[in-house]
Structures are given as structure tokens and as C-alpha cells.
Amino acid sequence: LLSAPESPESIAVYFGQNVKAQLAAKTVFGLAHRHGDILREGWKNILDCMLQLFRAKLLPEILVKVEDFVNPTGRISLVQEEPVVAQRADTGVLSSFYSYFALTETNQQRGPSPEEQEATRQARCCLEECHVENLITESKFLRVDSLQELIKALIFASRYPEVTDSMNGSHCEEEAAGLAAVFYLELLIKVILQNRDRISPFWQGIRDHLYSLIVNANDNTFLVERAVVGLLRLAIRLLRREEIASQVLNSL
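Computed from a prediction, not measured in an experiment: that's the story for all the values here.

**Some thoughts on unusual backbone geometry**
For step 1, the next point in the chain: The backbone of K57 shows a phi angle near 60 degrees, a positive value even though the residue is not glycine.
For step 2, the next point in the chain: Within the element layout of this structure, K57 appears in the loop between α3 (42-55) and α4 (61-64).
For step 3, the next point in the chain: A positive phi angle, close to 50 degrees, is found at H131, a residue other than glycine.
For step 4, the next point in the chain: Within the secondary structure, H131 sits in the loop between α6 (114-130) and α7 (134-137).

Here is the structure:
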């Protein structure tokens, strides 16, 4: 997964065509399910793989659909669809030639081949067997020290992405980094909610992280929005717990 092509849409195809990669994924996630209690720094590698699966749009809906207070459905998807580019209504011979060749090229690029569709199907079948979502939903069964390492890894991964130097990076790379931070932040919120009965020792670090995301906000409004929504979601659940209610209220 980590050596797959940079293009997100190619990850599913390459993964679905590579039997060794699928066996490796099943082994890694199987070990994580059975021996998550002894994972420490290894959580970072697991999260790296999950990010690649997110970019390839292979993760189950439970990990990419998140709660929202503004959307009428009450949920939004972190998977962003490709924007449709509006075409100008230019006239003239040259623009007609351009439109013809551009449309031909677009049609060639659009739509996977039957082989690619089958590879993507194989990738999805493999991921269904891996049950990646259980690593998050069943984090409540982790030992405290392993849970602490998972939370630490998620906090580090969901930090506000540094602004890429205009000479070294592109706007698309900055957007990808921001979306990765949002993905990890949503996983962090899910883990906290699964472990709300024993979150007191970790709350200070979580509070500081959310504070940093919200107060030090720059241009990445989506990450800030999700940080605010995440804080409110946590408050709704955690204010009911006497041992941590005052800390959560102070955080708000």
C-alpha cells in the first residue's frame, strides 16, 4: 500500500492486481486485530496504510461518513468527488478543434477498463476480509498503554499541515495534506467516543490539540470546521460524565 503509485485512483487497481500486497494487508490487519494490545509505535504504520486506503476510496462507509450539525442528513462524507469542469462556449474553428481533441482525450481518460474494474473489485473484497473499521470501533478493548499510543499517533497525524512552500509544493498537495489531517482527526474523535469511560487521563492532550487546530487556523477551513464539530460532539457525550464534565466545560 505504501509503495503504490502517487495517483489515488491507481492505488485500488495496483492493489487489486497484486496478490502479494493483498496477502500482506490481510496479515498486517489480522495481526493488529489479534495483538493490538502490544502495538506501540506500530500504530503509525497501520494509520499510514489506512490513509492510503482512504485515498483509494476503499474504506468502509463507517470510516468515511461522519456526523455533522449543518448538513440536513446529519452526516457528511469525507470522500470528495471530482469537480465537474465547466466548458466555455467558445466559437470558431480553432476552438472547435480544441474542443474535439480535449473531449477525445477526456473520453480516453475517463472510465476504467474491465481489467481495472475487476482489480478494484478484488481490492474491495480483500478489504472486506481485513475488517479495518474494527481497529477503531473495538479500540475500547485495548490496554491503556496501547490506547495511549494510538491516541498519540492520531494527534500527531492530524496536526495542522504546514503550509507548503510555493516553490516546492502545489495547491493540490496542500489540499491532500489537509484532507489527510481531517481523516486522522475524525478517527481520533471516533476513538475518543469509543473510550469515553476512560478518557480522563488523555483529555488534556486532546484538548490542547483541538485548541491548536481551532485557534491557529489559517486557510484550511474544512479542518477547522471538523475540529469545531469534533469538540461539540465530544462535549455532548462527555459532559454527562461527572469525573470529566468540568474539564470539558472549561475547554468549551
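So much for the structure itself; the text now carries on.
**What about the pattern of salt bridges?**
For step 1, the next point in the chain: Under the counting rule described, the total for this entry stands at 14 salt bridges.
For step 2, the next point in the chain: Between R207 and D208 there is a salt bridge; the shortest N-O distance is 2.7 Å.
For step 3, the next point in the chain: The exposure class assigned to R207 is partly exposed, which follows from its relative accessible area of 26%.
For step 4, the next point in the chain: Put simply, E67, D68, E186, R226, R233 and R237 are held in one network by salt bridges that share partners.

**Observations regarding the packing of helix α1 (residues 8-17) against helix α2 (residues 19-35)**
For step 1, the next point in the chain: Where α1 contacts α2, the two axes come as close as 5 Å, and the packing angle between them is 95 degrees. With respect to α2, the element α1 is oriented roughly perpendicular. Of the residues in α2, those in contact with F15, G16 and Q17 of α1 are V19, A21, Q22 and A25.
For step 2, the next point in the chain: Partitioned by chemical class, the residues of the contact of α1 with α2 number four nonpolar, three polar and no charged.

**Structural notes on the side chain of R233**
For step 1, the next point in the chain: In this fold, R233 is placed in helix α11 (residues 221-238).
For step 2, the next point in the chain: In this structure R233 comes out as buried when scored by relative accessible area, which is 3%.
For step 3, the next point in the chain: In this view, R233 contacts E67, F69, E186, I189, L193 and R226; residues no more than four positions away in its chain are not counted.

**As for the confidence of the model for the protein chain**
For step 1, the next point in the chain: On average, residues of the protein chain carry a pLDDT of 86, and 83% of them reach 70 or more.
For step 2, the next point in the chain: With pLDDT under 50 throughout, residues 83-90 is counted as low confidence; its partners more than four residues away or in other chains account for one contact.
For step 3, the next point in the chain: A low-confidence stretch, residues 163-167 stays under pLDDT 50, and its non-local contacts, those more than four residues away or across chains, total four contacts.

**As for the nonpolar core**
For step 1, the next point in the chain: In this structure, F29, M50 and I206 are the most contacted members of the largest nonpolar core, which totals 67 residues.
For step 2, the next point in the chain: Ranked by residues supplied to this core, first place goes to helix α9 (residues 171-194) with 13 residues.
For step 3, the next point in the chain: Excluding residues within four positions of it along the chain, F29 makes contact with I46, C49, M50, L53, C130, V132 and L135.

**Some points on the state of the cysteines**
For step 1, the next point in the chain: If you walk through the whole model with that rule in mind, you get zero disulfides.
For step 2, the next point in the chain: In this structure C125 is a free cysteine whose sulfur lies 8.8 Å from that of C126, the closest cysteine sulfur available.
For step 3, the next point in the chain: Considering cysteine sulfurs only, C126 is the nearest to C130, which forms no disulfide, with 4.2 Å between them.
For step 4, the next point in the chain: Its relative accessible area of 3% is what places C130 among the buried residues.

**Focus on helix α12 (residues 242-251)**
For step 1, the next point in the chain: Listed in full, the buried residues belonging to α12 are I244, A245, V248 and S251. Axial view of α12: buried residues confined to an arc of 125 degrees, hence all on one face. Facing away from the buried surface of α12 by more than 90 degrees, the exposed residues are E242, L249 and N250.
For step 2, the next point in the chain: Looking at the packing, one finds that the buried side of α12 touches α10 (203-215) and α11.

**Describing α1**
For step 1, the next point in the chain: Of the positions making up α1, those classed as buried are I11, A12, V13, F15 and G16.
For step 2, the next point in the chain: In this structure, the buried residues of α1 make contact with α2, α3 and α6.

**Concerning the packing of aromatic side chains**
For step 1, the next point in the chain: Within this structure, the stated rule accounts for two aromatic pairs.
For step 2, the next point in the chain: When the ring of F54 is compared with that of F183, the centres are 4.4 Å apart and the planes differ by 10 degrees; the resulting orientation is stacked. One end of the pair, F54, is in helix α3; the other, F183, is in helix α9, and 129 residues separate them in sequence. Of the two residues, F54 and F183, both sit in the buried class.
For step 3, the next point in the chain: Here F183 and Y184 contribute two aromatic rings whose centre-to-centre distance is 5.6 Å and whose plane-to-plane angle is 50 degrees, an arrangement assigned as tilted. Of the two residues, F183 and Y184, both sit in the buried class.
For step 4, the next point in the chain: An aromatic cluster is defined as three or more aromatic residues linked by ring pairs; in this entry it consists of F54, F183 and Y184.
For step 5, the next point in the chain: Its end group placed over the ring of Y211, R207 keeps NZ or CZ at 5.6 Å from the ring centre.

Reading the values: rules and limits
- Residues numbered from 1 in each chain as written.
- Predicted model: local features only at pLDDT ≥ 70, side-chain atom pairs only at ≥ 80, totals over all residues.
- Heavy atoms only, no water.
- Helix = DSSP H or I, 4+ residues; strand = E, 2+ residues; numbered from the N terminus.
- Salt bridge = Lys/Arg side-chain N within 4 Å of Asp/Glu carboxyl O.
- Buried < 20%, exposed > 50% of the residue type's maximum accessible area, 1.4 Å probe, protein only.
- Axes fitted to C-alpha atoms, helices over the stretch in contact; angles between N-to-C directions.
- Parallel < 35°, antiparallel > 145°, perpendicular 65-115°, else oblique.
- Contact = heavy atoms within 4.5 Å.
- Nonpolar A, V, L, I, M, F, W, Y, C, P; charged D, E, K, R; others polar.
- pLDDT = per-residue confidence, 0-100.
- Core = buried A, V, L, I, M, F, W, Y, C linked by side-chain atoms within 4.5 Å.
- Disulfide = S-S within 2.5 Å.
- Arc of directions from axis to C-beta.
- Phe/Tyr/Trp six-rings, centres within 6.5 Å; stacked < 30°, edge-to-face > 60°.
- Lys NZ or Arg CZ within 6 Å of the ring centre and 35° of its normal.

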